[in-house]
2 protein chains.
Amino acid sequence: MIRGVKTRRHPENTREKTYMSQADTKQDTKQLILDAAERLFARNGFHNTSLRSITSKAGVNLAAVNYHFGSKGALLDKVFERRLLPLNKIRQDKLEDVRNSAKKQGRRPGVEDVLRAFIEPTLCFRNSGQGAEDFIVLVGRTIHEPDNTVLKIFLSHVDPLFNLIFEILQEALPDIPKDHLFWRLQFTFGALGHTMCKVDRLQFLSEGLTPGPDTNSLTQMLVQFVTAGMETT
Amino acid sequence: MIRGVKTRRHPENTREKTYMSQADTKQDTKQLILDAAERLFARNGFHNTSLRSITSKAGVNLAAVNYHFGSKGALLDKVFERRLLPLNKIRQDKLEDVRNSAKKQGRRPGVEDVLRAFIEPTLCFRNSGQGAEDFIVLVGRTIHEPDNTVLKIFLSHVDPLFNLIFEILQEALPDIPKDHLFWRLQFTFGALGHTMCKVDRLQFLSEGLTPGPDTNSLTQMLVQFVTAGMETT
DNA sequence: GTTTGATTTAAACACATGTTTGAATACCTG
DNA sequence: CAGGTATTCAAACATGTGTTTAAATCAAAC
């Protein structure tokens, strides 16, 4: 947990959950709040979303957020955690697959493989369940979040993964100076984050083109783009 | 002006500025507000910046913002306008230089030239005067701004330029499908916007490397990266 | 049925927000 | 100086914010 969460009657903090058959109901409320918060944070931003709009969308009482999560910031933390735990597992597994199968074959990891291992699960996560599209937009935006409190909550969930892909990229491209590689990875994160934000808002340019590509071809386009940028000499 | 700005005693709306020698003083106050707002919007975001923090940083009265600008949103509009008018002029001129000198020589515009004509003035704008660094961060963040009101204010200033570079890119790469080119340009905007945000916050990854490159080498790295991505087949 | 603890509820709290007001002040014109 | 306008100022306004409280409700345990 990042920020000191004010907890007095927070159920998570009572010694033991004595009555567990109430779990269903409580999980329901928590899920409803998480779902509503995810969507509203993604659409309006953290600071521009009120707890009242969240709870009214979720159909629960205003005090439920502070009761179940402790604070608005802790709620954001849980919104990230719920999706990022499984997503990061997938990305980490794929990245280490690329690394290991290269090592087994006595060669360097392929740049395109590394980038795809990171990008594909991220973009495909959109199609992985209700509300997942909102979450992807939320993440894409949080990368550029001005508020440091919000940014730190997010980074605490993705920092290890960012370090991992940076390591493997160094193995894939040992001849490119480390600081160059660092910035090329930043360019990649920028392109990916932007894609995550804009993928379902076709009205970016004033002309009404861009019928909105499917996830697979978008992934392919992005991987191709950043691979070329990463490998150029 | 984008949003309906509530104006009752707004000086800009009086028929004529009869007494012009007060312009100095008034401009002072407006400049002070613009400077403070630019910095605070960049650091904390639009919604997380209060008019009270702006006016207290500027050393002026709280009511000055509504008096001189009409509303908080109109202030943001002017913050963009002040910097974007000259910056867009430079970028447009450079882009049309590339286009025209190619046409004169009877060849297609060079992809790297096009991208550099857009990226170089943007990143170099950081070094162009006091507060310009803040503005660059502000723009980089606004690209991903959740709030539609804020986003529209920004887009109204950059839309023509985005269309121009898209046109010239199509001339430079006529064999690449239009929708592919569109997304590659989006990837480029994403990478550029991310760079604008992160250029002076070295603490992105947990390791403390990245001594912060100078603007020129960063420009070179980014242009090289996106050129390769744009040209790949 | 009574007790016990978890959860929900309506109300309030304390404070921050953008905006507006009317009087005071500053400044130029005649 | 007088007259008039532009600007500043302190105060208030109306509303929205995250959080807290104490009572009410609920479900299982004994």
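Everything in this summary refers to the structure shown in the same document. (Residues numbered from 1 in each chain as written. Chains lettered and ligands numbered in written order. Predicted model: local features only at pLDDT ≥ 70, side-chain atom pairs only at ≥ 80, totals over all residues. Heavy atoms only, no water.)

1. Here we look at the packing of aromatic side chains
Two aromatic rings are characterised by how far apart their centres lie and by the angle between their planes. The full count for this structure, using the stated rule, is 23 aromatic pairs over all chains. Ring centres of A:Phe80 and A:Phe154 lie 5.3 Å apart, and the angle between their planes is 55°; this geometry places the pair in the tilted category. Residue A:Phe80 is located in helix H4 (residues 72–104), and its partner A:Phe154 is located in helix H7 (residues 148–172); the two are separated by 74 residues in the primary sequence. Residues A:Phe80 and A:Phe154 agree in their burial class; the two are buried. Through successive ring pairs, a cluster of aromatic residues spans A:Phe166, A:Phe182, A:Trp183, A:Phe187, A:Phe225, B:Phe166, B:Phe182, B:Trp183, B:Phe187 and B:Phe225. Above the face of the A:Phe69 ring, A:Lys30 is positioned so that its terminal group lies 5.5 Å from the ring centre. Here the guanidinium or amino end of B:Lys72 rests over the ring plane of B:Phe46, the centre of that ring lying 4.5 Å away. (Phe/Tyr/Trp six-rings, centres within 6.5 Å; stacked < 30°, edge-to-face > 60°. Helix = DSSP H or I, 4+ residues; strand = E, 2+ residues; numbered from the N terminus. Buried < 20%, exposed > 50% of the residue type's maximum accessible area, 1.4 Å probe, protein only. Lys NZ or Arg CZ within 6 Å of the ring centre and 35° of its normal.)

2. Side note on the pattern of salt bridges
Taken as a whole and judged by the stated rule, the model has 20 salt bridges over all chains. Where A:Glu38 meets A:Arg83, a salt bridge forms, and the shortest distance between an N and an O atom there is 2.7 Å. One end of the pair, A:Glu38, is in helix H1 (residues 23–44); the other, A:Arg83, is in helix H4, and 45 residues separate them in sequence. Note on accessibility: A:Glu38 and A:Arg83 belong to one class, buried. With its nearest N and O atoms 2.7 Å apart, the salt bridge here joins B:Lys89 to B:Asp93. (Salt bridge = Lys/Arg side-chain N within 4 Å of Asp/Glu carboxyl O.)

3. Remarks on the packing of helix H8 (residues 178–198) of chain A against helix H8 (residues 178–198) of chain B
Between H8(A) and H8(B), whose axes approach to 7 Å, the crossing angle comes to 120°. Regarding the angle of H8(A) to H8(B), the classification is oblique. Read as a crossing pair, H8(A) and H8(B) show a hand that is right-handed. Where H8(A) approaches H8(B), its residues A:Trp183, A:Gln186, A:Phe187, A:Phe189, A:Gly190, A:Ala191, A:His194, A:Thr195 and A:Lys198 are matched on the opposing element by B:Trp183, B:Gln186, B:Phe187, B:Phe189, B:Gly190, B:Ala191, B:His194, B:Thr195 and B:Lys198. (Axes fitted to C-alpha atoms, helices over the stretch in contact; angles between N-to-C directions. Parallel < 35°, antiparallel > 145°, perpendicular 65-115°, else oblique. Left-handed = near helix turned anticlockwise from the far one by under 90°. Contact = heavy atoms within 4.5 Å.)

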